[in-house]
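Each chain, written out:
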Amino acid sequence: MDSEAILPIIFDEVTKRVSLPDEELTPKKAEEIQALNLMYRDLISLNADVPPPPNQINGRLNDQVKKLKDTGNVSFKKGQYSDAIRMYTLAIEMGLKRPLWEASGYVREELSVLYSNRAQAYMSQSAWAEALMDAEASVFLKKNVPKAHYRKGKCLQYMGRLREAKDAFQIGIESCENDLNDLKTALSEVCDLIIDD
Amino acid sequence: MAKISVYAPIAYLVLLLSSLALFSTIYRRRKVQRLVGLKPWFPAHDARNIYLSLKEKTSPKVPEKMLRAALLRRATEDIKRIMVLQESKPALVELHQRSAVGDELWTRFLATEKLMDAEVMECVQEANILKPGWAQTLFATAAEIVHNERLRQRLAQITEQKEKEKERWEKEKEKVTVEFEKEVEGAYGTSADKPDTKKKGKNKK
């Protein structure tokens, strides 16, 4: 490993931020400094001296995110898709603002549902590209949810990308255990379409 | 028979032994130099250097929470490096057994592992200085930070892709609509009786 090096680091008492003089700054160091400042900001808002172990969750943030999600769901049911999308977006941003030391498993659960709901809202507006990316995010966060794979496949299908749609449905069937009927139906439907091509 | 000097064999032996001695000292010195000058496995440990620099600062004195944040960042980088070492180890072990990699690489790897252990020990000590008992959770917290960072990185990538996908789909829609309209006009003239396209989907690749 390289030898230790003391850097001419600067701590600004007013802004409470750390920085390095420009001559010292490399892209990597700049990234690290930025990450450090963000971590310090999160630590200040924490009531404790050090972050709790990962299995404790911030209750207040949960409730706020849930409220936004529920509001979004209500708008969706009323057919107000743009409002629903806006609510889901706010919820996602709030979820992403959690301090980095909180249990990543919980963050994945929460966000995968939000992205999946937003995908559905986009699909109701026929915004296939946006819906596809949200479904992609949802699948990445949690692989064993049939709905998310289904939505991803359908978006690809409606955009005419039939082979990708077929792959998406197949991956969905392989990754999930239950409720595979919709996926299987969708798969055979898209296969027929490919044959017709 | 030609006269050979008495000193000839002695001179020969002296020459031989002195050249052997010279060779072995040079070889040993080179070996030590090679070990000392081993190229480090990883690039500079910025997080650690920042932590040490902050710890040293007296004017202005850095707040405790900032030091703790810096130690957390240091532990996070350590976790990333440990993961890299753990992932590379099985492959390196096998390659080394098959003599597909040189001794120097193997020595570097082992040295890096030892240095990594020492670094972790140092972090543990620093953690207990900053807050007694923190050492128990420091690395668990750091591991979670690494997972969360990866999550957010991938999500940021997907969000970036969204714009490109939107553009791609807009172009695709235009192209297909234009082509389809031409097709239909060709087949039906200007008749209003056009076939339903929803079912077929736009099967253009």
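All values derive from a computational prediction rather than experimental measurement.

What about the interface of chain B and chain A?
Right, on to step 1. The interface is formed by 57 residues belonging to chain B together with 65 residues belonging to chain A.
Right, on to step 2. Contact between chain B and chain A buries roughly 5,700 Å² in total, counting both sides, with carbon and sulfur atoms accounting for 66%.
Right, on to step 3. By the criterion of area lost to chain A, the three top residues of chain B are K65, K162 and W169 of chain B, representing 11% of everything that side buries.
Right, on to step 4. Linking chain B to chain A there are seven salt bridges.
Right, on to step 5. Counting only elements with at least two residues in the side of chain B that touches chain A, the list comes to α2 (46-56), α3 (64-97), α4 (103-130) and α5 (135-188) of chain B.

Considering unusual backbone geometry
Right, on to step 1. Even without being glycine, S126 of chain A reaches a positive phi, approximately 60 degrees.
Right, on to step 2. Its location among the elements puts S126 of chain A in the loop between α4 (104-124) and α5 (128-141).
Right, on to step 3. Notably, S99 of chain B is not glycine yet its phi reads approximately 60 degrees, a positive angle.
Right, on to step 4. With respect to the secondary-structure elements, S99 of chain B resides in the loop between α3 and α4.

Points about the pattern of salt bridges
Right, on to step 1. Within the structure shown, the criterion is met by 26 salt bridges over all chains.
Right, on to step 2. The partner of D134 of chain A in a salt bridge is R118 of chain A, with the nearest N and O atoms 2.7 Å apart. Taken together, the residues D134 of chain A in helix α5 and R118 of chain A in helix α4 connect sequence positions 16 residues apart.
Right, on to step 3. Taking relative accessible area as the criterion, D134 of chain A reaches 1% and is therefore assigned buried.
Right, on to step 4. In this structure, R154 of chain B engages E136 of chain A in a salt bridge whose closest nitrogen and oxygen atoms are separated by 3.9 Å. In this pair, R154 of chain B is assigned in helix α5 and E136 of chain A in helix α5, connecting two distinct chains.
Right, on to step 5. In this structure E136 of chain A comes out as buried when scored by relative accessible area, which is 19%.
Right, on to step 6. Connected through shared salt-bridge partners, E32 of chain A together with R73, K80 and E149 of chain B make up one network.

Reading the values: rules and limits
Residues numbered from 1 in each chain as written. Chains lettered and ligands numbered in written order. Predicted model: local features only at pLDDT ≥ 70, side-chain atom pairs only at ≥ 80, totals over all residues. Heavy atoms only, no water. Contact = heavy atoms within 4.5 Å. Buried area = accessible area lost by both parts, 1.4 Å probe. Salt bridge = Lys/Arg side-chain N within 4 Å of Asp/Glu carboxyl O. Helix = DSSP H or I, 4+ residues; strand = E, 2+ residues; numbered from the N terminus. Buried < 20%, exposed > 50% of the residue type's maximum accessible area, 1.4 Å probe, protein only.

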